[in-house]
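Next come the chains, spelled out residue by residue.
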Amino acid sequence: MKENPELSEAMEDYLETILNLEDVQKVARAKDIAESMGVQRGSVTSALKSLKEKGLINYEPYSFITLTPKGIKHAKGITQRHDVLKDFLLTILQIDEETADATACRMEHAIDEKSLQRLGCFIEYFSMCPRTGETWKKSFISFCASGKWDPKQCERCVEN
């Protein structure tokens, strides 16, 4: 078993799904995973065997599935990446929730730790800086809608 297993996007999605099911039901079942992910049970069985081999889940055929401590750590990392990215897309870029969620799901597999940390800092800064806030957000939304920059908006912001 590898200490830090390299996982495909699909395997990371399985871990994230199992974590979500455990949060709701305390355990996951193969049929619940298949239903949640919209995949065939045969695909789930194959993925579960692979995740078990990597030491990320407790699994025996026809039994409940739970994450190991290593699996929990990995799944929570994936979830955290997803949450930060979704928050950025919703809060800063003003993307609708459904699109933000789907986009964050794709991005969470590729972003490196340093970029994720910096993105989190940017979100925090954006929410605290008096030069950003609602005025800045409204100006940004207006710019996105019209594609036109209003320098007077910037002058008012800088004067404050």
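What counts and how
Residues numbered from 1 in each chain as written. Predicted model: local features only at pLDDT ≥ 70, side-chain atom pairs only at ≥ 80, totals over all residues. Heavy atoms only, no water. Helix = DSSP H or I, 4+ residues; strand = E, 2+ residues; numbered from the N terminus. Salt bridge = Lys/Arg side-chain N within 4 Å of Asp/Glu carboxyl O. Buried < 20%, exposed > 50% of the residue type's maximum accessible area, 1.4 Å probe, protein only. Core = buried A, V, L, I, M, F, W, Y, C linked by side-chain atoms within 4.5 Å. Contact = heavy atoms within 4.5 Å. Axes fitted to C-alpha atoms, helices over the stretch in contact; angles between N-to-C directions. Parallel < 35°, antiparallel > 145°, perpendicular 65-115°, else oblique. Left-handed = near helix turned anticlockwise from the far one by under 90°. Nonpolar A, V, L, I, M, F, W, Y, C, P; charged D, E, K, R; others polar. Polar contact = N/O pair within 3.5 Å; in protein donor to acceptor, adjacent residues only side chain to side chain.

*Asks:* What is the right way to look at the environment of Glu60 in this model?
*Replies:* You can see Glu60 is positioned in the loop between strand E1 (57-58) and strand E2 (66-67). In this structure the C-alpha to C-alpha distance between Glu60 and Glu6, which are 54 residues apart in sequence, comes to 22 Å.

*Asks:* Just checking my understanding: could you explain the pattern of salt bridges for this structure?
*Replies:* Pairing of side chains with opposite charge becomes possible as their charged atoms draw close. The full count for this structure, using the stated rule, is five salt bridges. Note that Asp101 is salt-bridged to Lys86, the shortest N-O span being 3.8 Å. With Asp101 in helix H5 (residues 97-107) and Lys86 in helix H4 (residues 69-92), the pair connects residues that are 15 residues apart, well separated along the chain. Residue classification places Asp101 among the partly exposed residues on the basis of a relative accessible area of 33%. Via salt bridges that share partners, Lys86, Glu97 and Asp101 belong to a single interconnected network.

*Asks:* Sorry if this is basic, but what is going on with the nonpolar core here?
*Replies:* If you look at soluble globular proteins, the nonpolar side chains tend to sit buried side by side. By size, the foremost hydrophobic cluster in this structure holds 22 residues, and its most contacted members are Leu15, Ile18, Ile33, Leu48, Leu51, Ile57 and Ile65. Only helix H1 (9-25), helix H2 (30-37), helix H3 (41-53) and H4 provide two or more residues apiece to this core. Top element by residues in this core is H1. It accounts for six residues. In this structure Ile57 touches Leu15, Ile18, Leu48, Leu51, Lys52, Ile65, Thr66, Leu67 and Thr68, once residues within four positions along its chain are discounted. In this structure, Val84, Leu89, Leu116 and Leu119 belong to the second largest nonpolar core, which totals 11 residues.

*Asks:* Teacher, can you tell me more about the packing of H4 against helix H6 (residues 113-128) here?
*Replies:* To characterise two packed helices, one gives the angle between the axes of the helices and the distance between these axes. With their axes 10 Å apart at the nearest point, H4 and H6 run at an angle of 40 degrees to one another. If you check the angle between H4 and H6, you find them oblique. For the element pair H4 and H6, the recorded crossing hand is left-handed. Contacts between H4 and H6 involve Gln80, Arg81, Val84, Leu85, Asp87, Phe88, Thr91 and Ile92 from the first element and Leu116, Leu119, Gly120, Phe122, Ile123 and Phe126 from the second. Per-class residue counts for the contact of H4 with H6 are nine nonpolar, three polar and two charged.

*Asks:* Can you walk me through the side chain of Lys86 in this structure?
*Replies:* For Lys86, a relative accessible area of 18% gives the class buried. Filtering out sequence-adjacent residues up to four positions away, Lys86 remains in contact with Glu97, Ala100, Asp101 and Ala104.

*Asks:* Help me understand the side chain of Arg81 in this model?
*Replies:* Of note, Arg81 is situated in helix H4. What makes Arg81 buried here is its relative accessible area of 15%. Of note is the side chain of Arg81, whose polar atom sits 2.6 Å from the backbone oxygen of Glu108. Excluding anything up to four places from it in sequence, Arg81 contacts Glu12, Glu108, His109, Ile111 and Leu116.

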